[in-house]
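As a plain string of letters, each chain reads:
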Amino acid sequence: NNLSFLKKKTPNIYKYFSKGIIFKNHHATSEWTLPSFASIFTGKLTHNHQIFHPDLNHNVSERNKLMPEFFQNKDYITFQANGGKRSTPLYGYTKGFDRTIFKTDSDCKELIFETIEHLNTFEKYNNFIFLGLNDIHHFIKLSPSLQTQSILEPGFLYSENKQHKKKSVKLDFDKGKIKVLESQMSYLDKYISILLDYLGKKKNTEIISTIVADHGHSFLSQDNFILSDNRICVPWLIRGHRVKKKIVNELTSNVDILPSLLHLSKINHQNIFDGKIPNVLGGNKKLNSVFCESIFPGQTYKIVFKKNNKKEILETRQKFDYNGKIDISKLEFKSNISNSFLKKKTKKILKYWNKRKI
């Protein structure tokens, strides 16, 4: 969300989206991919879309209507090119897509050129395209790109490979990994620029383009809280024919993306989302709050609630069991939080959560 950093490390992305809207206070709704990605595709928070467990065979499409379905119902050709392990067809993410190209850990080069080929083939039709790129999450091929190898010192590369199997949300502050991230961002920027140049030449075509991340990185700071800003503050960039150039400080999160894209595409929908349309994109009022939560087996329930310039953290003393149930008969909180609204909301969420079917 640092504009000078974005401009320096991803100049092509910055140049393209500087003609649209850059959201400076955007947030992931969770700390890791499985629940946060589901929030992007459903417009719902974790406790409502119910995709949370690392070991269960979740099917996101059983209880939720997914982003591509809204477009498919309006006769768009829907296509995804993706390689994310937590957004595979096994999790139900083919529903609503006419075409899916999925290969675990596909790199950006493969997926971007597949996307351009699709657009060339179906250029006479309305298209909805999702492109899932994982190149800055980890080394896709277990070893860095040639470009990254040429920039970084051997010690950085060794350190990265040594920690490859450690969960990303548990990584400590690491200057070496920050250097790797910066290099991979530059690498990704060069290949995304090929697609952005292609889209920029479509002068007589209405195009809405958006980039968002499903979560941040734990190693960016020494704050080890699972919902720290370095984990949940992420970029959201959007450009389109009805999007005015602006840098925006509205408080937004990933659940706002789906209703916003539908609104900009003039697709009517029932208000089934936790997310709202930001005022800058045509919503009724300026968004001034975000809600982020962590639901994970064996861990406490954690919330970060931001409203205007105030941030509150809530954490239960009770932990979820392996099945994701939590004892709320004598619910206690770790901190003496004074926000009675947030306490009541938490109790209501957990009461509803315990009634769900796994």
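Data block above holds the structure.
Residues numbered from 1 in each chain as written. Predicted model: local features only at pLDDT ≥ 70, side-chain atom pairs only at ≥ 80, totals over all residues. Heavy atoms only, no water.

Draft legend 1. Main features of the environment of I272. Tracing the backbone shows I272 in the loop between helix 11 (257–264) and strand 8 (289–294). Using a relative accessible area of 36% as the deciding quantity, one classes I272 as partly exposed. Sequence-wise, I272 and F122 are 150 residues apart; in three dimensions their C-alpha atoms are separated by 31 Å. Setting aside residues no more than four positions away along its own chain, I272 makes contact with K44 and F70. (Helix = DSSP H or I, 4+ residues; strand = E, 2+ residues; numbered from the N terminus. Buried < 20%, exposed > 50% of the residue type's maximum accessible area, 1.4 Å probe, protein only. Contact = heavy atoms within 4.5 Å.)

Draft legend 2. Spotlight on the packing of aromatic side chains. Tallied over the entire structure, the rule returns 18 aromatic pairs. When the ring of Y301 is compared with that of F320, the centres are 6.0 Å apart and the planes differ by 90°; the resulting orientation is edge-to-face. Placement of the pair is Y301 in strand 9 (residues 300–307) and F320 in the loop between strand 10 (310–319) and helix 12 (340–354), with a sequence separation of 19 residues. Judged on exposure class, the residue Y301 and its partner F320 are both buried. Every member of this aromatic cluster is reached through a ring pair, and the members are F37, F41, F71, Y76, Y93, F97, F128 and F130. Lying across the ring of Y16, R239 places its NZ or CZ 4.0 Å from the centre. If you follow K345 out to its NZ or CZ, it ends over the ring of F291, 5.1 Å from the centre. (Phe/Tyr/Trp six-rings, centres within 6.5 Å; stacked < 30°, edge-to-face > 60°. Lys NZ or Arg CZ within 6 Å of the ring centre and 35° of its normal.)

Draft legend 3. Looking closely at the environment of Y16. The topology assignment puts Y16 in helix 2 (residues 11–17). Between the alpha carbons of Y16 and L237 there is a distance of 9.6 Å; along the sequence they are 221 residues apart. When sequence neighbours within four positions are dropped, the list of residues in contact with Y16 reads L196, L199, S209 and R239.

Draft legend 4. Layout of helix 11. The element helix 11 is largely enclosed, with a buried count of seven among its eight residues. Elements in contact with the buried residues of helix 11: strand 1 (21–27), helix 3 (33–42), helix 5 (67–72), strand 5 (208–212), strand 6 (236–240) and strand 7 (246–253). The first or second residue beyond helix 11 is K266, which carries a positive phi of 60°.

Draft legend 5. View of the nonpolar core. Judged by nonpolar contacts, the single largest core of 40 residues is most densely connected at F41, M67, F71, Y93, I238 and L281. Looking at this core, the elements with two or more residues in it are strand 1, helix 3, helix 5, strand 4 (127–132), strand 6 and helix 11. Look past the residues within four positions of M67 in its chain and what remains in contact with it is I40, F41, F128, I257, L258 and L261. With 20 residues, the next largest nonpolar core counts I13, I112, Y187 and I207 among its residues. (Core = buried A, V, L, I, M, F, W, Y, C linked by side-chain atoms within 4.5 Å.)

Draft legend 6. Representation of the sheet that holds strand 3 (residues 99–102). One open sheet accounts for three strands, arranged 3-2-4; its pairing is parallel. Sheet topology places strand 3 and strand 4 at the edges, where each strand pairs with a single neighbour. Going from strand to strand, the sheet's axes swing by 5° on average, the running direction of each strand aside. Two strands pair when backbone bridges link them, and strand 2 (residues 77–82) and strand 3 are joined in this way by four bridges, in the parallel orientation. Pairing of A81 across the sheet is with I101, part of strand 3. (Pairing = 2+ DSSP bridges. Axes fitted to C-alpha atoms, helices over the stretch in contact; angles between N-to-C directions.)

Draft legend 7. View of the packing of helix 6 (residues 108–121) against helix 9 (residues 175–200). With their axes 10 Å apart at the nearest point, helix 6 and helix 9 run at an angle of 5° to one another. Here helix 6 is positioned roughly parallel relative to helix 9, judged by the angle of their axes. Mapping the contact onto sequence places C108, K109, I112, F113, T115, I116, L119 and N120 in helix 6 and Y187, L188, Y191, I192, I194, L195, Y198 and L199 in helix 9. When the residues that make up the contact of helix 6 with helix 9 are grouped by side-chain class, the tally is 13 nonpolar, two polar and one charged. (Parallel < 35°, antiparallel > 145°, perpendicular 65-115°, else oblique. Nonpolar A, V, L, I, M, F, W, Y, C, P; charged D, E, K, R; others polar.)

Draft legend 8. Highlighting the pattern of salt bridges. Evaluated as defined, the whole model comprises eight salt bridges. In this structure, K202 engages E123 in a salt bridge whose closest nitrogen and oxygen atoms are separated by 3.6 Å. Of this pair, K202 sits in the loop between helix 9 and strand 5 while E123 is found in the loop between helix 6 and strand 4, placing the two residues 79 residues apart along the sequence. Residue class for K202 comes out partly exposed when judged on its relative accessible area of 25%. Between D229 and K306 there is a salt bridge whose closest N-O contact spans 2.9 Å. Taken together, the residues span a long stretch of sequence, with D229 in helix 10 (residues 229–232) and K306 in strand 9 at a distance of 77 residues. Look at K306 and you get buried, because its relative accessible area is 10%. Overlapping salt bridges, with partners in common, bring together D229, K306 and K311 in one network. (Salt bridge = Lys/Arg side-chain N within 4 Å of Asp/Glu carboxyl O.)

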